[in-house]
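# Summary of the model geometry
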Amino acid sequence: MVSQFPSSLYLPFQESSSELAQYVRLFRAFQQAIIKGNLAPGAKLPASRALCAELGISRNTVKTAYEMLHAEGYVETRHGAGSFVATNLPLDTVGQKEDQAQSQTQNPPKLSAMAQTLVGVRKPNQMKKGELLLPAQPCINSFPWSQWQRAVAGAGRQMKYQQNSVMGNNQLREQIASYLRVVRGVKCSADQVMICSGSQQAMFLALKLLVNAGEPVITEDPGYQGIDGAIAAVGATKIPAQVDEQGIQLEDGLEKAPDARVVMLTPSRNHPLGHTLSLDRRLHVLQWAKRTGSWLIEDDYDSEFRFEQQPLTSLQGLGGQDVVIYTGTFSRILHPGIRLGYMVLPELLLEPANRAKTYMEGEHRFFHNLRWRNSWATVILPVMCDGCANSTTNVGKLCTV
Ligand SMILES: Cc1ncc(COP(=O)(O)O)c(C=O)c1O
């Protein structure tokens, strides 16, 4: 009689996806019942005739499922007596694993302090209920998909299995360096440019290199929330410093944390208010950083967009080569999903940064590099020159690269 078996055995069969053949669904229902211990070793399976009557399926379906169970060792047949759950299955181990998995969902695993801290931090660009706008998002509708697909396919065809530096593809780094020198006044060579997975990774890496757990990091208030997680991940303490029409007020941060030695700021355009750091304050933060041996992480996240005036020279280019880590991204002018960003490192940080990134993501990255080298020529430059249909871009400047 079928009724001797727990009805839960049949539920997965009845409810499972009808895309699967019936015999597969029946096989899986028995398989799960055996693995989970709902059917104990040695238990008799229902006679195929009774089961097909109970479930309203054909006898062939049941027979095929039983044959599969037999072939995979879940079931043994005893001549003239029917099919039984195999007695030699290591079900204890399987059962234990299930129990463990269950108890892990009930009692969360013991995580490091960093992982636990991150649980409470809002993700970059995560919208709160009721928020309508997502600042710093490009007009992704205008992304040149067909050019992009051609570029990626072309890069795939040219792919050579060679090892590239963890700093990124040299030609791309040269292009970026020359663009930054001309357009942003950044004083750098291609050697100082590190290609990153968005500027998010660049800022995370910079913090890892410069800040110890428990140390303060001054940030803009209001500012980009995506760095909260990066600051939390290194165990540092975020010290918000007020922003007004002239940009960040360093003194406000220093009053709260006089020993702070790292400041993260968006001098070109404060995120999200849009204020530009005035020349006075630029010179002030630079002097402070040099005098105290501190670091400035300059997040130049959308300096390509201009509405009224020419951009001010970057902090890095204003004499900050030794104290500024300059970060930039293609997320604004192309698409955040392509995860292409970069940072310009002071000479002294090159070796430590190189090592840190090597251990973070390994060294072999032929495709990534080729893709971007190719994309620079076929996608990025044309996009920069044409501009985004719905945006006001600094087209002329970008074309000078
Ligand atoms: C101010 C600011 N900085 C940095 C980033 C990170 O950009 P990405 O990691 O996409 O390059 C963002 C993203 O929205 C941002 O708004």
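As a starting point, this report considers the structure included with it. Remember, predicted model here, so these are calculated numbers, not experimental data.

## Some points on the overall build of the protein chain
In terms of helices and strands, the protein chain carries 15 helices and 10 strands. Intrachain contacts of the protein chain at a sequence separation of at least 6 include 69% that bridge at least 24 residues.

## Re the site of the ligand
In the neighbourhood of the ligand, 16 residues make up the surrounding shell, with Gly198, Gln200, Tyr224, Thr329 and Ser331 lying closest. The element contributing the most residues to the shell around the ligand is helix α9 (residues 198-210), with 3 residues. Its residues placed into classes, the shell around the ligand shows 5 nonpolar, 10 polar and 1 charged.

## Some words on the packing of α9 against helix α13 (residues 350-361)
α13 packs onto α9 with a crossing angle of 115° between their chain directions and a minimal axis gap of 10 Å. The handedness of the crossing between α9 and α13 comes out as right-handed. Side by side, α9 and α13 meet where Leu205, Lys208 and Leu209 of the first sit next to Pro352, Ala353, Ala356 and Lys357 of the second. Its residues placed into classes, the contact of α9 with α13 shows 5 nonpolar, no polar and 2 charged.

## A few points about helix α4 (residues 59-71)
A rise of 1.5 Å per residue sets the reference length of α4, with its 13 residues, at 18 Å; its end C-alpha atoms lie 18 Å apart and thus fit the reference within 8%. For α4, the secondary structure elements touched by its buried residues are α2 (22-35), α3 (48-55), β1 (75-78) and β2 (82-85). Just past α4, the residue glycine 73 takes up positive phi, approximately 90°.

## Description of the environment of proline 138
Following the sequence through the fold, proline 138 ends up in the loop between α6 (113-119) and α7 (145-158). Of the residues examined, proline 138 has 19 C-beta atoms within 10 Å and is grouped as partly exposed. The spacing of proline 138 and leucine 334 is 196 residues in sequence and 7.1 Å in space, taken between C-alpha atoms.

## As for the packing of α9 against helix α10 (residues 226-233)
Across the interface, α9 lies against α10 with an axial gap of 9 Å and an inter-helix angle of 30°. As the angle between them shows, α9 and α10 are arranged roughly parallel. Seen from above, α9 lies across α10 with right-handed handedness. Residue-level contacts link Gln200, Met203, Phe204 and Leu207 of α9 to Gly226, Ile227, Ala230, Ile231 and Ala233 of α10. Here the residues of the contact of α9 with α10 sort into 7 nonpolar, 2 polar and no charged.

## A short note on the nonpolar core
Counting residues in each nonpolar core, the largest one holds 55 residues, and the members touching the most others are Met194, Met203, Leu207, Val217, Leu296, Ile325 and Met343. No other element matches α9, which puts 6 residues into this core. The residues touching leucine 296, leaving out its near neighbours within four places in the chain, are Val263, Leu265, Val285, Ala289, Leu315, Gly320, Val323 and Val324. Counting 16 residues, the second largest nonpolar core, distinct from the first, contains Ala29, Leu45, Tyr66 and Leu69.

## A word on the environment of lysine 238
Here lysine 238 shows up in strand β5 (residues 237-244). Classification of lysine 238 by C-beta neighbours within 10 Å gives partly exposed; the count is 17. Sequence spacing of lysine 238 and isoleucine 227 is 11 residues, and the spatial spacing of their C-alpha atoms is 9.4 Å. Excluding residues within four positions of it along the chain, lysine 238 makes contact with Val217, Thr219, Asp228 and Ile231.

## Section: the pairing of strand β3 (residues 193-196)
Remark: a regular strand shows side chains that alternate across the two faces of the sheet. Here β3 shows no split at all, with Val193 and Ile195 on one side and Met194 and Cys196 on the other all buried. Relative to strand β10 (residues 341-344), β3 is paired through 4 bridges, and the arrangement is antiparallel. Looking at β10, one finds that valine 193 is bridged to valine 344.

## Some remarks on unusual backbone geometry
Residue proline 222 is bonded to the preceding aspartate 221 through a cis peptide linkage, with omega at 5°. Residue histidine 271 is joined to proline 272 through a cis peptide bond whose omega torsion reads 10°. Relative to the assigned elements, proline 272 resides in the loop between β7 (262-265) and α12 (279-292). For arginine 339, which is not glycine, the phi dihedral falls at a positive 50°. Structurally, arginine 339 can be placed in the loop between β9 (324-329) and β10. The class of arginine 339 is partly exposed, set by 16 C-beta atoms lying within 10 Å.

How each quantity is defined
Residues numbered from 1 in each chain as written. Predicted model: local features only at pLDDT ≥ 70, side-chain atom pairs only at ≥ 80, totals over all residues. Helix = DSSP H or I, 4+ residues; strand = E, 2+ residues; numbered from the N terminus. Contact = placed C-beta atoms within 7 Å. Near = placed C-beta within 6 Å. Nonpolar A, V, L, I, M, F, W, Y, C, P; charged D, E, K, R; others polar. Axes fitted to C-alpha atoms, helices over the stretch in contact; angles between N-to-C directions. Left-handed = near helix turned anticlockwise from the far one by under 90°. Expected span 1.5 Å × (residues − 1). Buried ≥ 20, exposed ≤ 12 C-beta atoms within 10 Å, placed from the backbone. Parallel < 35°, antiparallel > 145°, perpendicular 65-115°, else oblique. Core = buried A, V, L, I, M, F, W, Y, C linked by C-beta atoms within 7 Å. Pairing = 2+ DSSP bridges.

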